[in-house]
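Listed below are the residues making up each chain.
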Amino acid sequence: MKEYNVGLIGAGFMARAHSIAYAGMPMFFWPAPGIPVKSIIADLTEESAKDAAIRFGFSRSTSDWHKVIEDDGVDIVDICTPNNMHQEMAVAAAQAGKHIFCEKPIARNAEEAKVMLDAVKKAGVKNMLAFNYRRTPAIALAKKYIEEGSIGRILNFRGTYLQDWSADPNSPLSWRFQKSIAGSGTLGDIGTHVIDIARYLVGEFDEVFASLKTYITERPVQTGAIDKLGTVKGTSDVPKAPVDVDDEASFMIRFKNGAFGSIEATRNGWGRNNFITLEIHGEKGSIYFNYERRDELQVYFADDPGDRRGFRTVYTGPAHPYGEGLWPIPALGIGYTETKIIECYDFFKAIAENAETSPNFEDGYHIALICDAIVASSASDRWQKTNCV
Ligand code: SOE
């Protein structure tokens, strides 16, 4: 079985999730499409990189990410850094002929994303973005229902992604609140996950009408680069600096196929942790999903006899997409980790079979175009074409 050496850049919580996926993938999916070998990891300092190598199981470490890309033995470069680094790293990796797995969103804006897309196309390397939620078996099952025509032509998509980790004004000004690093706030960070799912299940966006809001306009300055996602609080004696990204992104969508949609995303919704919901209405039925009950998909069929109509709950398990590789009986529990393991499996499969990856940098570029249109719509208070072709 072919081994693929992985070079990982970054050592935060996403790097941890990816490292677990590399270790776990062949344990879940066997025979594996390839064996990930955790070869080298890069972080900001020699000390933190070494620490990460021990913790995440990499053979070597470096404080210079270029070394990961220049390493002849590395087959796959995995980018788990803040968004402002994605373009430079991905272009360098593509030029070195490495396959690329990159955290979402692809970049700060569509211009950067286009440079990345051109680079991977030119180099002919595999490229994938870590929009992991579409790999939740229940969402993959929703896709199956839709493709089979079970709920008919899609009329409406309603999506939410609600969190509360930034609702406290004293949670510090991490890179996620700085436009120069993140590109946008809630929109790029979590809104893009639902945009990815909407494109996956319904289709391409034609135009958007959006409202972006910033509720907490300054936050305590953070010392150190570690992204604690609101778990570390600043205090009133810590100086504050401005937030220049959105806390909340709400937008309506006209899909190219005629469906209508809406998405609301916030990181300031007290009481909501990772509340991704989807409600999809078709001409013949409906689908509902809530990530906080992610083993379940709710489906409703209008052609059920009148006295039997109602949403029914399907518990995902071995009979469902990816189920055979996961757990032997339904409802043992899909978690965030499983979605990352499935994502890793699909990426390795695409490499081994020389097949197309999904979502790839082309998808990422389109999502970036959509985000740019959302920003423009919010500023102009008008519907905005996405320019996705
Ligand atoms: C923070 O909002 C975050 O870590 C996102 O960056 C991830 O993409 C999401 O999966 C969980 O929340």
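Asker: With reference to specific residues and values, describe the sheet that holds strand S14 (residues 285–290).
Answerer: One open sheet accounts for nine strands, arranged S16-S15-S14-S13-S7-S12-S11-S8-S17; its pairing is mixed. Among the strands making up the open sheet, the edge pair consists of strand S16 (312–315) and strand S17 (384–385). In terms of strand pairing, strand S7 (residues 154–162) meets strand S12 (residues 260–266) through seven bridges, oriented parallel. Within the sheet, the bridge partner assigned to Leu162 lies in S12 and is Thr266. In this fold helix H8 (residues 186–201) packs onto S7, strand S8 (205–213), strand S11 (248–255), S12 and strand S13 (275–282), with an angle of close to 155° to the strand it touches most, S12.

Asker: Give a description of the site of the ligand that names residues and reports values.
Answerer: Neighbouring the ligand are the residues Phe13, Lys104, Tyr133, Tyr161, Gln163, Trp165, Arg176, Asp189, Ile190, His193, Leu229 and Tyr336. Separating an oxygen atom of the ligand from a side-chain N or O atom of Tyr133 is a distance of 2.6 Å. Taking His193, its side chain carries an N or O atom lying 2.8 Å from an oxygen atom of the ligand. Taking 310 Å² as the accessible area of the ligand by itself, protein coverage stands at 93%. By residue number, the principal contributor to the shell around the ligand is H8, which donates three residues.

Asker: Lay out the packing of aromatic side chains in plain terms, naming residues and giving numbers.
Answerer: The description of two aromatic rings rests on the distance between their centres and on the angle between their planes. Applying the stated rule across the entire model yields 17 aromatic pairs. Between Tyr145 and Phe301, the ring centres sit 5.8 Å apart and the planes meet at 50°, which makes this aromatic pair tilted. Placement of Tyr145 in helix H6 (residues 137–148) and of Phe301 in strand S15 (residues 296–301) is noted, with a sequence separation of 156 residues between them. Of the two residues, Tyr145 and Phe301, neither departs from the other in class, the shared state being buried.

Asker: Describe the packing of H8 against helix H10 (residues 361–380), listing the residues and the values that go with them.
Answerer: Orientation of H8 relative to H10, taken along the N-to-C sense of each, is 120°, at an axis distance of 10 Å. Regarding the angle of H8 to H10, the classification is oblique. Judged by the twist between their axes, the crossing of H8 over H10 is right-handed. The residues of H10 that touch H8, namely those facing Leu187, Thr192, Ile195, Asp196 and Arg199, are Asp363, His366, Ile367, Ile370, Cys371, Ile374 and Val375.

Asker: For the pairing of strand S5 (residues 99–102), give the residues involved together with the corresponding values.
Answerer: With burial as the criterion, each face of S5 is covered, one bearing His99 and Phe101 and the other bearing Ile100 and Cys102. Across four bridges, strand S4 (residues 76–79) lies against S5 in parallel orientation. The partner of Val77 across the bridge, within S5, is Ile100. Where the polypeptide runs from S4 across helix H4 (residues 86–95) and back to S5, its parallel neighbour, the crossover connection is right-handed. Alignment of S5 against strand S6 (residues 127–129), held across three bridges, turns out to be parallel. Counted as the bridge partner of Phe101 is Met128 from S6. Since S5 and S6 lie parallel, the crossover through helix H5 (residues 110–123) that links them has a hand, and here it is right-handed.

Asker: Tell me about H10, and name the residues and values.
Answerer: An α-helical segment advances 3.6 residues per turn. Residues three or four places apart therefore align on the same side. The end-to-end C-alpha distance of H10 is 28 Å, a good match for the 28 Å that 20 residues give at a rise of 1.5 Å each. Its side-chain oxygen placed 3.1 Å from the backbone nitrogen of Glu362, Asn360 serves as the N-cap of H10. Immediately beyond the C-terminal end of H10, within one or two residues, lies Asp381, with a positive phi of roughly 60°.

Asker: Give me the lowdown on the pattern of salt bridges, citing residues and values where you can.
Answerer: Following the criterion strictly, the structure yields 22 salt bridges and no others. Among the salt bridges present, the one from Asp189 reaches Arg176, with a minimum N-O distance of 3.0 Å. Separated by 13 residues along the polypeptide, Asp189 in helix H8 and Arg176 in the loop between S7 and helix H7 (179–182) bring together distant segments of the chain. For Asp189, a relative accessible area of 10% translates into the label buried. Judged by relative accessible area, which is 10%, Arg176 ranks as buried.

Asker: Give a detailed account of the domain arrangement of the protein, specifying residues and quantitative values.
Answerer: According to the domain assignment, the protein contains domain 1 (3–132) and domain 2 (133–360 + 365–380). Here the C-alpha centroids of domain 1 and domain 2 sit 23 Å apart. Tallying the contact residues gives 42 residues for domain 1 and 47 residues for domain 2. Its largest share of buried area at the contact with domain 2, domain 1 owes to Phe28, Phe131 and Asn132, together 23% of the area lost on that side.

Asker: Give a detailed account of the pairing of S4, specifying residues and quantitative values.
Answerer: Here S4 shows no split at all, with Ile76 and Asp78 on one side and Val77 and Ile79 on the other all buried. Here four bridges tie strand S1 (residues 3–9) to S4, and the two strands are oriented parallel to one another. Directly across from Val6, in S4, lies its bridge partner Ile76.

Quick notes on the rules
- Residues numbered from 1 in each chain as written.
- Predicted model: local features only at pLDDT ≥ 70, side-chain atom pairs only at ≥ 80, totals over all residues.
- Heavy atoms only, no water.
- Pairing = 2+ DSSP bridges.
- Helix = DSSP H or I, 4+ residues; strand = E, 2+ residues; numbered from the N terminus.
- Contact = heavy atoms within 4.5 Å.
- Axes fitted to C-alpha atoms, helices over the stretch in contact; angles between N-to-C directions.
- Near = heavy atom within 4 Å.
- Polar contact = N/O pair within 3.5 Å; in protein donor to acceptor, adjacent residues only side chain to side chain.
- Areas by Shrake-Rupley, 256 points an atom, 1.4 Å probe, with all protein chains shown as cover.
- Phe/Tyr/Trp six-rings, centres within 6.5 Å; stacked < 30°, edge-to-face > 60°.
- Buried < 20%, exposed > 50% of the residue type's maximum accessible area, 1.4 Å probe, protein only.
- Parallel < 35°, antiparallel > 145°, perpendicular 65-115°, else oblique.
- Left-handed = near helix turned anticlockwise from the far one by under 90°.
- Right-handed = clockwise from strand over helix to strand, strands pointing away.
- Expected span 1.5 Å × (residues − 1).
- Salt bridge = Lys/Arg side-chain N within 4 Å of Asp/Glu carboxyl O.
- Domains from an automatic or database assignment.
- Buried area = accessible area lost by both parts, 1.4 Å probe.

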